[in-house]
Amino acid sequence: MADNYKVADLSLADKGKLRIEWAESRMPVLMSLREKFAKTKPLAGQRIAGCLHVTKETAVLIRTLRAAGAEISWSGCNPLSTQDDVAAALAAEGVSMYAWHGMNNEEFYWCIDKTLELEPTLTLDDGADLIFTVHNKHKQLASKVIGGTEETTTGVHRLRAMADDGKLMYPVYAVNDSETKWDFDNVYGTGQSSIDGILRATSVLVAGKTFVVAGYGHCGRGCAMRAKGLGANVVVTEVKPTAALKATLEGFRVMTMDEAAKIGDIFITATGMKDIVVKRHFESMKDGAVVCNTGHYDCELNLEQLGALSKGKREVRANNVEYTLSDGRRVYVLAQGRLVNLAAAEGHPSEVMDMSFANQFLAMKELAENGRTLDKKVYVLPPELDQEVASIKLAAQGLSIDKLTDEQIAYATDYSAGT
Ligand code: NRN
């Protein structure tokens, strides 16, 4: 291959550029960081290998990292989430882009290997497949890496387990654990974008339907909240008593998946765990049930068992496969069980990714400047960065907030001030 990229169709670049401009107009925090750091270029000399969904929002992050001086190579972190027009636009702008929609597993890892030819000084991950590949297949590169970042809950869990096992070869910032990421992206982003994916793949009426959400973490909470807003009867399944209890206080019914499988019309998993919907659940489902996942990996729905139960399957709409069970009942699986928000829609809206990616940018800058002083473990960004990111966001929306007076600040720590 002559060029340093592989995308589906370079001729889509102009369309991709328009989509990226749309996102840029709704990502004021990242754009203000770009304006500020294009001048000082704190990432000059840094080589960043990224493995994160190639969407219009990610393109804004990539452009901002490049403006700050970084050299970039990039692959998508899911075989079905790449927006081909955006990938084309970035390749046309000189990014070493290895991503296309609908790749197989072998191609997925081939793309990651290609990005590592850059011999990165920083890695930027969503789901930890890149950092895991460095640790397992390119150990010689790890010594050149100052540090990395991880975007998502599942990836952070993986990296914490690696660190606990003493296997982490360089420090990592858990961007997911910044409040301006998880309490906005995971809740409001996943909530809206998952419904978006379901509607694009089915166009069903949500109102009045029994909408089963497996997992009441930040993502599941967002999905339940948005389904309720559309008039669904929401059922939550969980394994964690406190999470289940919170769901009841939000007015959601709580039951086991064995019970929910019999009554659900639409099912979505958001647990990060495998085998949440399995053979016995598919066997109990009503004719026409719609099943999908919004967790990072495609292990939550056991489609192998569903296939074994079925006498046929066919794609009835984009990202929508109808499985016909032996007794004729039909189950509709969306996006091949992969994360429905990015595979069947465009992922979270630009406005929430703005803050997630501001944290990614600030983490890259922090690693470039101070990464060599860190130990080989998983870090959380300083909480004051959250207030900085949120302040820029508020200002961009023309919103002002109150400020504590000196007297109030003194009061906050004056333990003698009682009743
Ligand atoms: N539009 C998007 N672009 C997008 N929507 C969700 N994500 C996106 N990444 C790029 C990621 C969230 O931050 C998927 C990750 O799993 C989640 O943490």
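Our structure's up above, just so we're on the same page.
Throughout what follows, the structure given in this document is the object of discussion. (Residues numbered from 1 in each chain as written. Predicted model: local features only at pLDDT ≥ 70, side-chain atom pairs only at ≥ 80, totals over all residues. Heavy atoms only, no water.)

## With respect to the pairing of strand E5 (residues 147-150)
Side chains of E5 alternate between two faces, with Gly147 and Thr149 and Gly148 and Glu150 buried alike. Here four bridges tie strand E4 (residues 122-125) to E5, and the two strands are oriented parallel to one another. Paired with Leu124 across the bridge in E5 is Thr149. Examined bridge by bridge, E5 and strand E6 (residues 172-174) share three bridges and lie parallel to one another. What sits directly across from Glu150, in E6, is Ala174. For the crossover from E5 across helix H8 (residues 153-164) to E6, the handedness is right-handed. (Buried < 20%, exposed > 50% of the residue type's maximum accessible area, 1.4 Å probe, protein only. Helix = DSSP H or I, 4+ residues; strand = E, 2+ residues; numbered from the N terminus. Pairing = 2+ DSSP bridges. Right-handed = clockwise from strand over helix to strand, strands pointing away.)

## Concerning the packing of aromatic side chains
Throughout the structure, instances matching the rule amount to six aromatic pairs. Taking the centre distance of 6.4 Å and the plane angle of 55° together, the rings of Trp100 and Trp110 count as tilted. With a gap of ten residues between them, Trp100 in the loop between strand E3 (96-98) and helix H5 (105-115) and Trp110 in helix H5 connect regions that are remote in the sequence. Both rings, one in Phe108 and one in Tyr109, keep their centres 5.0 Å apart while their planes meet at 85°; by these two values the pair is edge-to-face. The class for Phe108 is buried, based on a relative accessible area of 4%. Take Tyr109: its relative accessible area is 33%, and that puts it in the partly exposed class. Aromatic rings pair up to connect Tyr98, Trp100 and Trp110 into one cluster. Directly above the aromatic system of Trp100 lies the positively charged group of Lys6, at a separation of 4.9 Å from the ring centroid. In this arrangement the basic side chain of Arg158 is found over the ring face of Phe132, its NZ or CZ atom lying 4.2 Å from the centre. (Phe/Tyr/Trp six-rings, centres within 6.5 Å; stacked < 30°, edge-to-face > 60°. Lys NZ or Arg CZ within 6 Å of the ring centre and 35° of its normal.)

## Thoughts on the state of the cysteines
Per the stated rule, a full pass over the model turns up zero disulfides. Considering cysteine sulfurs only, Cys77 is the nearest to Cys51, which forms no disulfide, with 5.5 Å between them. On the basis of relative accessible area, Cys77 is assigned to the buried category, the value being 3%. (Disulfide = S-S within 2.5 Å.)

## A closer look at the site of the ligand
Within the structure, the ligand sits among 16 residues, and Thr55, Glu151, Lys181, Asp185 and His348 are positioned closest to it. At 2.6 Å from an oxygen atom of the ligand is found a side-chain nitrogen or oxygen belonging to Lys181. His348 is positioned with one of its backbone polar atoms (N or O) 2.8 Å from a nitrogen atom of the ligand. Computed on the free molecule, the ligand has an accessible area of 400 Å², of which 95% lies beneath the protein chains in the complex. (Near = heavy atom within 4 Å. Polar contact = N/O pair within 3.5 Å; in protein donor to acceptor, adjacent residues only side chain to side chain. Areas by Shrake-Rupley, 256 points an atom, 1.4 Å probe, with all protein chains shown as cover.)

## Quick look at helix H4 (residues 84-92)
Turn by turn, an α-helix covers 3.6 residues, leaving residues three or four places apart pointing in a common direction. Buried residues dominate H4, accounting for eight of its nine residues. Every buried residue of H4 is accounted for by Asp84, Asp85, Val86, Ala87, Ala88, Ala89, Leu90 and Ala91. On the buried face of H4, the contacting elements are helix H1 (13-24), helix H3 (56-67) and E3. Positive phi shows up at Gly94, right after H4, with a value of about 100°. (Contact = heavy atoms within 4.5 Å.)

## Here we look at the sheet that holds E6
Strand order in this open sheet of seven strands is E3-E2-E1-E4-E5-E6-E15, and the pairing throughout is parallel. Each edge of the open sheet is held by one strand with a lone partner, namely E3 and strand E15 (378-379). Pairing of strand E2 (residues 71-75) with E3 involves three bridges; the strand directions are parallel. Note on E3: the bridge partner recorded for Ser73 is Ser96. On top of the sheet, H5 reaches strand E1 (47-51), E2 and E3; it is set at about 170° to E2, its chief contact. (Axes fitted to C-alpha atoms, helices over the stretch in contact; angles between N-to-C directions.)

## Quick word on the layout of surface pockets
In this approach a probe as big as a water molecule rolls over the atoms, and the regions it shows empty are the leftover space. Quantified by volume, the second largest pocket comes out at close to 150 Å³. What lines the second largest pocket is a set of 14 residues, and nearest its centre among them are Lys56, Gly347, His348, Pro349 and Ser350. Of all the secondary structure elements, the ones that give two or more residues to the lining of the second largest pocket are H3, helix H9 (179-202) and helix H16 (350-370). (1 Å grid on protein atoms, 1.4 Å probe; cavity = no way out; pocket = protein on both sides within 12 Å on 5 of 7 lines; lining within 4 Å. Points joined across faces, edges and corners; volume = space filled by probe spheres on them.)

## Section: the nonpolar core
Of all hydrophobic cores here, the largest spans 48 residues; its most connected members are Ile48, Leu65, Trp74, Met97 and Phe361. The set of elements that each furnish at least two residues to this core consists of H1, helix H2 (28-40), H3, E2, H4, E4, H16 and helix H17 (383-396). At nine residues, H16 tops the list of elements feeding residues into this core. Listed in part, the 25 residues of the second largest apolar core include Trp100, Ile131, Val134 and Ala142. (Core = buried A, V, L, I, M, F, W, Y, C linked by side-chain atoms within 4.5 Å.)

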